[in-house]
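Inside the fold
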Amino acid sequence: MFIANIGDIWAVAFDIDGTLYKPRDLHARMMFHFFRFNQFFLQYGIVRSKIHDMGVLDDFYATQAAMLAKRIGCSVETAEARLERIVYKGLSPFFESIPLCAYVEETFQALHAAGLKLALMSDFPPEQKGDLWGLRKYCDVLLGTETTGALKPSVHPFRVLAEKLGMEPEHILYVGNSVTYDVVGAKNAGMKAAHFEPRWRSLLGMSSRKADISFCDYRQLRKIVLQ
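The structure reproduced in this document is the subject of the present report. Note that the structure is predicted; figures quoted are calculated from it, not measured.

Further remarks concern unusual backbone geometry. Lys 152 connects to Pro 153 through a cis peptide bond whose omega is 10 degrees. Turning to its location among the elements, Pro 153 is positioned in the loop between β4 (141–144) and α7 (155–165). The phi torsion at Tyr 103 lies on the positive side, around 70 degrees, for a residue other than glycine. Classification of Tyr 103 by relative accessible area gives partly exposed; the value is 31%. Phi is positive for Leu 132, which is not a glycine, with a value near 55 degrees. Summarising the element assignment, Leu 132 is placed in the loop between β3 (117–122) and β4. Exposure remark for Leu 132: the relative accessible area of 0% places this residue in the buried category.

In structure tokens form, the structure reads like this:
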């Protein structure tokens, strides 16, 4: 665990995928879906990787569909339909049975009770996760970066998040499992950043110094923020 001086925090925003639940729990559930559409997911992954570096797009969904259509050799309309069927709607049912990481809900409850604003911001639509494991009721803002026109680590969605929370970025702590996308993006936007890291990194003293906080147990995060 690593802790820097985080100053006055008035809001805590969380990434969703890999941060609120463990990636292996999703992968185990979607294994057959992935293998059924493995070539599609391969090309989709390449497109998303390129979009991460493209900055703010005038029409995110149109650009994504056009890029995918070119890679898989179909019309833009067909690509849009496949994205909806395979990714946006197709993955939604797999989240219903995924358990949250330990102490996530208790952490949301405690932060909310302390008067902090809470938010969720993900590169995928938060609505794809249904009621978000009961966490929606604690959140002041839900934001899918796609609707802003840019994916993390672009500073743009982080700035949109700050606007929606109604406060300066320096008073927001962003929590995520990716140093490249979550920590770097939040820090570049002027926010504080907390890295949810695997326990082995903490045990080996390999916590990222790019983050203001590195933690492997949500009880640690709760204690740090509320101290």
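Once the structure has been displayed, the description carries forward.
This paragraph deals with the environment of Asn 38. Assignment of secondary structure puts Asn 38 in helix α3 (residues 38–51). Under the relative-accessibility criterion, Asn 38 is labelled partly exposed at 32%. Each C-alpha atom of the pair Asn 38 and Glu 105 lies 33 Å from the other, and the pair is 67 residues apart in sequence.

Quick notes on the rules
Residues numbered from 1 in each chain as written. Predicted model: local features only at pLDDT ≥ 70, side-chain atom pairs only at ≥ 80, totals over all residues. Heavy atoms only, no water. Helix = DSSP H or I, 4+ residues; strand = E, 2+ residues; numbered from the N terminus. Buried < 20%, exposed > 50% of the residue type's maximum accessible area, 1.4 Å probe, protein only.

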